[in-house]
Amino acid sequence: MALDLLIRGGTIVDGSGAARYRGDVGIRSGRIVEIGRIRSAAERTLDADGLIVAPGFIDGHTHMDAQVAWDRIGSCSCWHGVTTVIMGNCGFALAPCRPADREWFARCLTAVEDIPTEAMLAGIDWTWETFPEYLATVDRLPKAINYGAYIGHSALRMYVMGRRALTEKATEDDLTRMVAAVKEAVRAGAMGFSSSRATTHVTPDDTPVASRIADWSELDRLVGALADLNAGVFQIGPDTSGGEAQRRFLARLKQVAVESGRPVMFGTISSRQGDKPNPWTYQLDYLDECAAAGARMWGQTTTRSINAIFSLKSYLPFDVLPAWRELRRLPLDEQKRRLADPAARSRLIADEAHMKPRDNVFQGGGAATTDPRKPDYDNLYAMKGVDWNDPTVAQLSGQRGQHPVDVMIDLVLENDNQVFVQPLVNEDPEHVLGMLKHPRTLATFSDSGAHVCQEMGSSLQTHLLSYWVRVRGAFTLEEAVRKLTFDNASAWELNDRGLVRAGYAADLVLFDEARVRPAMPSVETDLPGGARRLVQKAEGIAAVVVNGRVTLEHGRATGQVPGMLLRGPGAPAA
C-alpha cells in the first residue's frame, strides 16, 4: 500500500535523547508506519536532505482558548514547530459560561491575559455553555495544530456561584456542583483542572479573580475529583508575591500533590521582585523534596526572561501619563511629527519625571503597563536581535549624553518598528539555564495566545534551539528536542506523540539546525476587529507536519487543517 507522505533523507532526532541518525520516515493515515531506508511509493515526498526531522514540539502552557475560534493555523506557535498546545491554564477559560456572562469572561481574559475584548466579541461564535460543549466546538473547528484544554477554576467558580465567586467561600452545595462539573469535564476529555493564586491575576475591577477567593479545602475537593477518576493534571499559577507567601503556597501545594496522587504543575521563575524573594534554587530543591515524598510535581519554565514588550505601535511605558496620553490618541504619523518637535519632546520628558518611583511589588506584563513605575533603564533593552545581547536604554543614554526618554524617542523615529524589552522575571540567563537543566522542569511556558501586545513567549522552542543549543552549547540538539517533545508528551500522558516511532502520530518538524531561530517581532493588526498583537515568526523551519499532513512550508500555511482535539486519559476510548 502506498504511503501518503514520505520524508526522505533527513537526519532523525527522535525525541528520546538518543543520538541522531539518517533515515526516511513513511506516513500513512496520520501515523508513522515506517522508519529507515524506505522504498515504498508515496503520494508525496519531502526532500529532507540537510534537515533535522524531529517530533512536533509540544507547548503545555498556552491561552489559545479564544484564538482557536478564529485562527486556523495556530499562530504564533505554529511558526516555531509547535504541533500540540494545552490551553486553559491558570484557571482562565471560556467554559463553563452562561450566555449572560460571556462579555464579562471576555473582559476578564483581557484584564489578566491581554487578549483584546473586541477581538473575542468579533471572532468567537460563542454557542456553548458547558465545558463538554466547548470541547465539542473545538473538535469541530478547522485547525492546523492539536489542542488539549483544562477546565479552569475561575470560570467554573463563576458558573456555579455567579458574582458570589468573587467575594465568598464556596458552600457545600457549591462544592458538590463544582466537583461534578470537574468530573464531567474530565470524562469529556479535559486534560485536567487549572487554578491560580497569583496576585497579578485580577478582574477588570482590579479585584482578585475568582480562584484566588477559594480556600485550600476547595482545591482539595476539586483536585480530589481528578483523583477519584485517576485522570488529569492539576496546573496552578503560583503565589510569587514574596518569600514567605511563596513558602506557604508551596508547602500547601505539596500536601495537595501527595494526598491526591495527581501530577501537579506550577511555573518556576527567578525574580528580584516581591517581598524578600526566595533564591531561585528554592523551587528546584522543593521539586526534589516533593518527589522524595511521593508527589508527581513538575515546574514549568521558560527558555529566557519573561518580558514586557514596548513599541510605538503598541504600548510605551509612559502611555498613562497626561502628555503622553494626549499624544498616543493621534494617528501614528502625527505622533511621529510631534515626537520630532523639540518643544513637544521637552513636555514628554518632563511628564516622565512624575511617574511613580520604582518599588519591589511583583508585576506581570499587565501591571507593568497599567500601573507604571519609572522604568529601570538599566533593565530596559533596545531590541536589535534575538540573542540576549541588546544594549540597554541606560547604556545608550550614557553613550549619547541624552535623557533616556530622548534616546527612546530617537530610536522610534529612526524605526517605528523598534521594540523595547523589559525583563520582568528570569532576568539572569544563568538562572534560566539552571532551571532548564533540572530534571523535573518542563520547557513549556510560552503563554502563547495571551499578552498579545505585551509579551512574546511563543518563540520559546526556536529560542531554545538557537540560543541554548547553537550559541551557548548548553544542551545538545538531542537533549533540547527531548525537552520540547517526549518530556512534555510524557508529563501530559500524550502517549502516542513526542517521538519519531512507528505507530506514533505523525506530528513532525523539519528544520535546519544551523539556521533555526526566532525572527524579530512586529506589531500587526490582524486580530478580529482589527485589534493589535505582537507577531513573531521563525527562520530555518522548512516544514511542519501535523497528523500526517504538511501544514507549513518555509513559514507559509498550506491550507491543510488536520489538527485534532486531544482528549485526556479520563475520556472513554474512541
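What comes next is a walk through the structure. Nothing here was measured: the structure is a model prediction, and the numbers come from that model. (Residues numbered from 1 in each chain as written. Predicted model: local features only at pLDDT ≥ 70, side-chain atom pairs only at ≥ 80, totals over all residues. Heavy atoms only, no water.)

## Here we look at the overall build of the protein chain
Thinking step 1. Secondary structure summary: the protein chain contains 19 helices and 25 strands in total.
Thinking step 2. Computed over C-alpha atoms, the radius of gyration of the protein chain comes to 23 Å, within 12% of the 25 Å expected from 2.2 N^0.38 for 574 residues, which places it in the range of a compact globule.
Thinking step 3. Principal-axis analysis of the C-alpha atoms places the extent of the protein chain at approximately 75 × 60 × 45 Å.
Thinking step 4. Within the protein chain, contacts between residues separated by at least 24 positions form 75% of all contacts whose residues are at least 6 apart in sequence.
Thinking step 5. Carbon and sulfur atoms make up 49% of the accessible area of the protein chain, which totals about 21,200 Å². (Helix = DSSP H or I, 4+ residues; strand = E, 2+ residues; numbered from the N terminus. Rg over C-alpha atoms; globule rule 2.2 N^0.38 Å. Contact = heavy atoms within 4.5 Å. Areas by Shrake-Rupley, 256 points an atom, 1.4 Å probe, with all protein chains shown as cover.)

## What about the pattern of salt bridges?
Thinking step 1. Throughout the structure, instances matching the rule amount to 32 salt bridges.
Thinking step 2. Where aspartate 220 meets arginine 252, a salt bridge forms, and the shortest distance between an N and an O atom there is 2.6 Å. Remark: arginine 252 occurs in helix 8 (residues 243-260) and aspartate 220 occurs in helix 7 (residues 216-229); sequence separation between them is 32 residues.
Thinking step 3. The closest approach of N and O atoms between arginine 247 and glutamate 244, which form a salt bridge, is 2.8 Å. Remark: glutamate 244 and arginine 247 occur in helix 8; sequence separation between them is three residues, near one turn of the helix.
Thinking step 4. A relative accessible area of 32% means that arginine 247 is categorised as partly exposed. (Salt bridge = Lys/Arg side-chain N within 4 Å of Asp/Glu carboxyl O. Buried < 20%, exposed > 50% of the residue type's maximum accessible area, 1.4 Å probe, protein only.)

## As for the nonpolar core
Thinking step 1. By size, the foremost hydrophobic cluster in this structure holds 116 residues, and its most contacted members are Phe193, Phe234, Leu253 and Phe511.
Thinking step 2. Looking at this core, the element that brings in the most residues is helix 5 (residues 172-188), giving eight residues.
Thinking step 3. With near-sequence residues (within four places) excluded, phenylalanine 511 lies in contact with Leu51, Ile52, Ala54, Phe57, Leu465, Leu477, Val481, Val516, Gly540, Ile541 and Ala542.
Thinking step 4. In terms of nonpolar packing, the next biggest core, distinct from the first, is built from 25 residues, Phe310, Leu321, Ile349 and Leu424 among them. (Core = buried A, V, L, I, M, F, W, Y, C linked by side-chain atoms within 4.5 Å.)

## Side note on the packing of helix 4 (residues 153-161) against helix 5
Thinking step 1. Following both chains from N to C, one finds helix 4 and helix 5 inclined at 130°, their axes separated by 10 Å at the closest point. Taken together, the axes of helix 4 and helix 5 lie oblique to each other. With respect to the hand of their crossing, helix 4 and helix 5 are arranged in right-handed fashion. For the pair formed by helix 4 and helix 5, the contact residues are Leu156, Arg157, Val160 and Met161 on the first element and Asp174, Arg177, Met178, Ala181 and Val182 on the second. (Axes fitted to C-alpha atoms, helices over the stretch in contact; angles between N-to-C directions. Parallel < 35°, antiparallel > 145°, perpendicular 65-115°, else oblique. Left-handed = near helix turned anticlockwise from the far one by under 90°.)

## A word on the pairing of strand 18 (residues 508-511)
Thinking step 1. Residues Leu508 and Leu510 point to one face of strand 18 and Val509 and Phe511 to the other, with burial holding for every one of them.
Thinking step 2. In this structure, strand 5 (residues 52-55) lies alongside strand 18, joined through four bridges in antiparallel fashion. What sits directly across from alanine 54, in strand 18, is valine 509.
Thinking step 3. The pairing of strand 18 with strand 23 (residues 541-546) spans four bridges and is antiparallel. Opposite phenylalanine 511, over in strand 23, you have isoleucine 541 as the bridge partner. (Pairing = 2+ DSSP bridges.)

## Some details on the packing of aromatic side chains
Centre-to-centre distance and the angle between the planes together describe a pair of aromatic rings.
Thinking step 1. Within this structure, the stated rule accounts for nine aromatic pairs.
Thinking step 2. Judged by centre distance (5.0 Å) and plane angle (65°), the ring pair of tryptophan 128 and tyrosine 134 falls under edge-to-face. Take tryptophan 128 and tyrosine 134: they sit in the same class, and that class is buried.
Thinking step 3. Taken together, a centroid distance of 5.8 Å and an interplanar angle of 50° make the contact between tryptophan 216 and phenylalanine 249 tilted. In this pair, tryptophan 216 sits in helix 7 while phenylalanine 249 sits in helix 8, placing the two residues 33 residues apart along the sequence. No difference in accessibility class separates tryptophan 216 from phenylalanine 249, as the two residues are buried.
Thinking step 4. The rings of Trp126, Trp128, Phe131 and Tyr134 are connected pair by pair, giving a single aromatic cluster.
Thinking step 5. Note that arginine 98 overlies the ring of tyrosine 159, its terminal NZ or CZ placed 4.2 Å from the centroid.
Thinking step 6. A cation over an aromatic ring shows up here: arginine 532 above the ring of tyrosine 315, its NZ or CZ 5.4 Å from the ring centre. (Phe/Tyr/Trp six-rings, centres within 6.5 Å; stacked < 30°, edge-to-face > 60°. Lys NZ or Arg CZ within 6 Å of the ring centre and 35° of its normal.)

## What to know about the pairing of strand 14 (residues 306-311)
Thinking step 1. Of all six residues in strand 14, six are buried, a share of seventy percent or more.
Thinking step 2. By the alternation rule, side chains of strand 14 split into Ile306, Ala308 and Phe310 and Asn307, Ile309 and Ser311, which are all buried.

## Let's talk about the sheet that holds strand 7 (residues 82-87)
Thinking step 1. With respect to topology, three strands assemble into an open sheet ordered 6-7-8, the strand pairing being parallel. Each of the sheet's edge strands pairs with one partner strand only, and the pair in question is strand 6 (57-59) and strand 8 (146-149). Neighbour-to-neighbour, the strand axes of this sheet turn through a mean angle of 15°, independent of strand direction.
Thinking step 2. Here strand 7 pairs with strand 8 via four bridges, running parallel. The residue of strand 8 that forms the bridge with isoleucine 86 is glycine 148.

## A short note on unusual backbone geometry
Thinking step 1. Cis geometry marks the peptide bond from serine 75 to cysteine 76, where omega comes out at 5°.
Thinking step 2. For asparagine 426, which is not a glycine, the phi torsion comes out positive at approximately 60°.
Thinking step 3. Positionally, asparagine 426 belongs in the loop between strand 16 (419-425) and helix 16 (429-437).
Thinking step 4. Of note in the backbone geometry, aspartate 447 takes a positive phi value of approximately 60° without being a glycine.
Thinking step 5. For aspartate 447, the position within the fold is in the loop between strand 17 (441-443) and helix 17 (460-471).

## Some details on the environment of glutamate 133
Thinking step 1. In this structure, glutamate 133 sits in helix 3 (residues 131-140).
Thinking step 2. Considered as a pair, glutamate 133 and lysine 384 are 251 residues apart in the sequence and their alpha carbons are 45 Å apart.
Thinking step 3. Reaching out from glutamate 133, the side chain makes a polar contact with the backbone nitrogen of glutamate 129 at a distance of 2.8 Å. (Polar contact = N/O pair within 3.5 Å; in protein donor to acceptor, adjacent residues only side chain to side chain.)

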